[in-house]
Amino acid sequence: MSLDRALSVIGLLLSLPGFLIVVLADDDAAVAALTLLLGLLTLAAAAAVYYFTNLPEFSLRSVAVALDIRDEAGRRATLAKSYRILPNYGHLDRMVHRNIAADGSVRNICWNGAPVPEGNVREVLGQYEVTIGFGAPLPRWAEFPGRLSYEVVDSFPGRVEALHYVVDFPTRVLEIRVDFPPGRLPREPRAVRSSGGRRPLRPPRVSPDGRTLELKVRRPMRGAEYSIYWSW
């Protein structure tokens, strides 16, 4: 159902109690009950209109962030963010991804395996902003998948390192995974949420072979930064 149609239905429902008040004008009890009902419906309608007209452009049913560190020096790695995306309006034909940064360099930015055009990538205050164009407006509330990936170079050489993810869009489930080379495994893993302050989270799960750290968060806070730290 479109937003215009939903608002029309809400307007029709609000008109019914008023009509019944006129019909039952001689019945004081019925008029009082219908007046109360009309007030409740008005409040509910106002809340519904506020909700639907203040939705973000996109919501995410899930985000899976996967970092693959490919050598023991921590100099070669790939990062992929796999999304299940829900457009909240019917006019959206592009999606902007922000908070893309690394201690080293970022290169080969791709969307669904295809390189993103250079004109759609710009650097803002040391971070990258990537615009994904869809060519035509997306259907409202029709879920679709997307995958943003890129290489990071010379980003994890330190004895203590971390992977950070900032929640750009409202998200139901966030999963963060870090895979390590077999010759250099992580130690002392921990997870932190940063949003005006730092809050320790439950430690990430370690795979039986010690090569993978995983963190899962339901309803992560929008705008907050979720991090996995480790030493090695």
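Residues numbered from 1 in each chain as written. Predicted model: local features only at pLDDT ≥ 70, side-chain atom pairs only at ≥ 80, totals over all residues. Heavy atoms only, no water.

**Student:** Hey, could you run me through the overall build of the protein chain in this one?
**Tutor:** Within the protein chain, the secondary structure is distributed over two helices and 15 strands. Per-residue burial for the protein chain yields a buried fraction of 38% across its 232 residues. Once local pairs closer than 6 in sequence are excluded, the contacts in the protein chain between residues at least 24 apart make up 77%. Carbon and sulfur atoms make up 55% of the accessible area of the protein chain, which amounts to about 13,300 Å² in all. (Helix = DSSP H or I, 4+ residues; strand = E, 2+ residues; numbered from the N terminus. Buried < 20%, exposed > 50% of the residue type's maximum accessible area, 1.4 Å probe, protein only. Contact = heavy atoms within 4.5 Å. Areas by Shrake-Rupley, 256 points an atom, 1.4 Å probe, with all protein chains shown as cover.)

**Student:** Could you clarify how one ought to interpret the pattern of salt bridges in this entry?
**Tutor:** A complete count under the given rule lists 11 salt bridges for this structure. R76 serves as the salt-bridge partner of D71, at 3.9 Å between the closest nitrogen and oxygen. Residue class for D71 comes out buried when judged on its relative accessible area of 14%. Between R205 and E214 there is a salt bridge, and its shortest N-O distance comes to 2.2 Å. Put simply, R177, D179, R205 and E214 are held in one network by salt bridges that share partners. (Salt bridge = Lys/Arg side-chain N within 4 Å of Asp/Glu carboxyl O.)

**Student:** Is there a simple way to explain the sheet that holds strand β8 (residues 144–153) in this structure?
**Tutor:** Adjacent strands of a sheet pair through backbone hydrogen bonds, lying either parallel or antiparallel. Taken in spatial order, the eight strands line up as β5-β4-β8-β2-β1-β10-β14-β13 in an open sheet, and their pairing is mixed. The open sheet terminates on both sides in strands that have one partner only, identified here as β5 (114–115) and β13 (205–206). Pairing of strand β10 (residues 171–179) with strand β14 (residues 212–218), which is carried by seven bridges, proceeds in the antiparallel orientation. Bridged to V173 within β14 is R218. (Pairing = 2+ DSSP bridges.)

**Student:** I keep staring at the environment of G210 and nothing clicks. Help me out?
**Tutor:** If you trace the backbone, G210 turns up in the loop between β13 and β14. On the basis of relative accessible area, G210 is assigned to the buried category, the value being 14%. Beyond its immediate chain neighbours, meaning those up to four positions away, G210 contacts L185 and P186.

**Student:** Is there a simple way to think about the sheet that holds strand β7 (residues 127–133) in this case?
**Tutor:** Read from one edge to the other, the open sheet built from three strands follows the order β3-β7-β6, with strand pairing classed as antiparallel. The sheet is open, and its two borders are formed by β3 (94–100) and β6 (121–124), each paired with just one other strand. When the angles between neighbouring strand axes are averaged without regard to direction, this sheet yields 20°. Strand direction decides the pairing type here: β3 and β7, joined by five bridges, are antiparallel. From the neighbouring strand, V96 faces β7, where its bridge partner is T131. (Axes fitted to C-alpha atoms, helices over the stretch in contact; angles between N-to-C directions.)

**Student:** Please clarify how the nonpolar core should be interpreted in this entry.
**Tutor:** A general feature of soluble globular proteins is that nonpolar side chains tend to end up buried together. Counting 44 residues, the largest nonpolar core has L67, I69, L174, I176 and W230 as its most contacted members. Looking at this core, the element that brings in the most residues is strand β1 (residues 58–69), giving six residues. For L67, the residues in contact, after removing those within four places along its chain, are A77, T78, L79, V152, F156, L163, R177, V178, D179 and W230. (Core = buried A, V, L, I, M, F, W, Y, C linked by side-chain atoms within 4.5 Å.)

**Student:** Hey, could you run me through unusual backbone geometry in this one?
**Tutor:** The phi angle of most residues is negative, glycine excepted, and most peptide bonds adopt the trans form. In this structure, W141 takes a positive phi of about 65° despite not being glycine. As for its position among the elements, W141 is in the loop between β7 and β8. Its relative accessible area of 34% is what places W141 among the partly exposed residues.

**Student:** Is there a simple way to explain the packing of aromatic side chains in this structure?
**Tutor:** Geometry of an aromatic ring pair is reported as the spacing of the ring centres plus the angle between the planes. Taken as a whole and assessed by the stated rule, the structure comprises seven aromatic pairs. The interplanar angle of 90° and the centroid separation of 6.3 Å between the aromatic rings of W230 and W232 together place this pair among those described as edge-to-face. Accessibility classification places W230 together with W232 in one group, the buried group. An aromatic cluster is built from F156, F180, W230 and W232, whose rings are joined through pairwise contacts. A cation over an aromatic ring shows up here: R140 above the ring of W141, its NZ or CZ 5.3 Å from the ring centre. When the ring centre of W232 is taken as reference, the NZ or CZ atom of R184 above it lies at 4.1 Å. (Phe/Tyr/Trp six-rings, centres within 6.5 Å; stacked < 30°, edge-to-face > 60°. Lys NZ or Arg CZ within 6 Å of the ring centre and 35° of its normal.)

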